[in-house]
Amino acid sequence: MSARRLLIIEDDAVFARTLARSFERRGYQVRAITDPEELDAAAAELKPDHAVVDLRLGHASGLTCVERLHAIDPAMRIVVLTGFASIATAVEAVKLGATNYLSKPANSDDIEAAFQASGEGDASVELVAHPTSLRTLEWEHIHQTLADCGFNVSEAARRLGMHRRTLARKLGKRHL
């Protein structure tokens, strides 16, 4: 067995395969799964010491996977990837055992650097203001409302005060 074993939990099968191939070239033994229900069997088989977990796995939360992986091995280096970054989910991911939290798009170099990070904070990080666009703020509000409704589009549309078709069109544009 390779010294480094990586479990990838990502619902986008194409991205998972691409990431798996990239890490295999780096010397990792890799197993990629697209369904969180496969987690326990995959972890038992591979015995990973590294994991990449997508925050949003269809209608499931990657945070539950982070919690389960941390329970299996508290020393496991877990990186959460998300296209829906927020402070709240970053804090929860770290509390549940994630080593790092990266916004998509992230490549294998970014992920490997996150694995190798010491786990200690860096007080010398430059504090740069990155103003959030109105479009991004709208999307984050829509996604949070969707999550609060258990991804029920009709209920989310009602809470957002918009027609269900309008919300569905907005979601289709963001490839939810």
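Reading the values: the criteria
Residues numbered from 1 in each chain as written. Predicted model: local features only at pLDDT ≥ 70, side-chain atom pairs only at ≥ 80, totals over all residues. Heavy atoms only, no water. Helix = DSSP H or I, 4+ residues; strand = E, 2+ residues; numbered from the N terminus. Buried < 20%, exposed > 50% of the residue type's maximum accessible area, 1.4 Å probe, protein only. Contact = heavy atoms within 4.5 Å. Areas by Shrake-Rupley, 256 points an atom, 1.4 Å probe, with all protein chains shown as cover. pLDDT = per-residue confidence, 0-100. Polar contact = N/O pair within 3.5 Å; in protein donor to acceptor, adjacent residues only side chain to side chain. Phe/Tyr/Trp six-rings, centres within 6.5 Å; stacked < 30°, edge-to-face > 60°. Lys NZ or Arg CZ within 6 Å of the ring centre and 35° of its normal. Pairing = 2+ DSSP bridges. Right-handed = clockwise from strand over helix to strand, strands pointing away. Axes fitted to C-alpha atoms, helices over the stretch in contact; angles between N-to-C directions. Parallel < 35°, antiparallel > 145°, perpendicular 65-115°, else oblique. Left-handed = near helix turned anticlockwise from the far one by under 90°. Nonpolar A, V, L, I, M, F, W, Y, C, P; charged D, E, K, R; others polar. Arc of directions from axis to C-beta.

## Points about the overall build of the chain
In terms of helices and strands, the chain carries eight helices and seven strands. Across the 176 residues in the chain, those meeting the buried criterion constitute 38%. In the chain, of all internal contacts separated by at least 6 residues, the share reaching a separation of at least 24 is 61%. Split by element, the accessible area of the chain, about 10200 Å² in all, is 53% carbon and sulfur.

## Details of the confidence of the model for the chain
Per-residue pLDDT for the chain averages 85, and the proportion of residues at 70 or more is 89%. Averaged pLDDT values over the elements of the chain bottom out at 81 in helix α6 (residues 134-148) and peak at 96 in strand β1 (residues 5-9).

## Observations regarding the side chain of histidine 50
Examined against the element boundaries, histidine 50 turns out to sit in strand β3 (residues 50-54). Reaching out from histidine 50, the side chain makes a polar contact with the side chain of aspartate 49 at a distance of 2.7 Å. Apart from the residues within four sequence positions on either side, histidine 50 is in contact with Arg4, Arg5, Leu6, Leu7, Tyr28, Met76, Arg77 and Phe115.

## Observations concerning the packing of aromatic side chains
Within this structure, the stated rule accounts for three aromatic pairs. Arranged with centres 5.0 Å apart and planes meeting at 90°, the rings of phenylalanine 23 and tyrosine 28 form a pair that is edge-to-face. With respect to class, phenylalanine 23 is no different from tyrosine 28; both count as buried. Taken together, the ring pairs in this structure connect Phe23, Tyr28 and Phe115 into an aromatic cluster. In this structure, arginine 4 is placed above the aromatic ring of tyrosine 28, and the distance from its NZ or CZ to the ring centre is 4.0 Å. Over the face of the ring belonging to phenylalanine 23 we find arginine 26, whose NZ or CZ atom lies 5.8 Å from the ring centre.

## Observations regarding the pairing of strand β7 (residues 100-103)
Here four bridges tie strand β6 (residues 77-82) to β7, and the two strands are oriented parallel to one another. Pairing of leucine 81 across the sheet is with leucine 102, part of β7. Remark: the β6/helix α4 (residues 87-96)/β7 crossover connection has right-handed handedness.

## Remarks on the packing of α6 against helix α8 (residues 164-173)
Pairs of packed helices are described in terms of their axes, by the angle between the two and the distance that separates them. In the contact formed by α6 and α8, the axes pass within 12 Å of each other and the chain directions differ by 115°. Between α6 and α8, the crossing angle belongs to the class labelled roughly perpendicular. Two packed elements cross with a definite hand, and for α6 against α8 that hand is left-handed. Of α8, the residues touching α6 (which contributes Glu138, Trp139, Ile142 and Leu146) are Leu167, Lys170 and Leu171. Of the residues contributing to the contact of α6 with α8, the split by class is five nonpolar, no polar and two charged.

## Describing helix α3 (residues 62-72)
Every buried residue of α3 is accounted for by Gly62, Leu63, Cys65, Val66 and Leu69. Each buried residue of α3 lies within a common arc of 155° when the element is viewed along its axis, so the set occupies one face. Where α3 starts, the residue carrying a side-chain oxygen 3.0 Å from the main-chain nitrogen of leucine 63 turns out to be serine 61.

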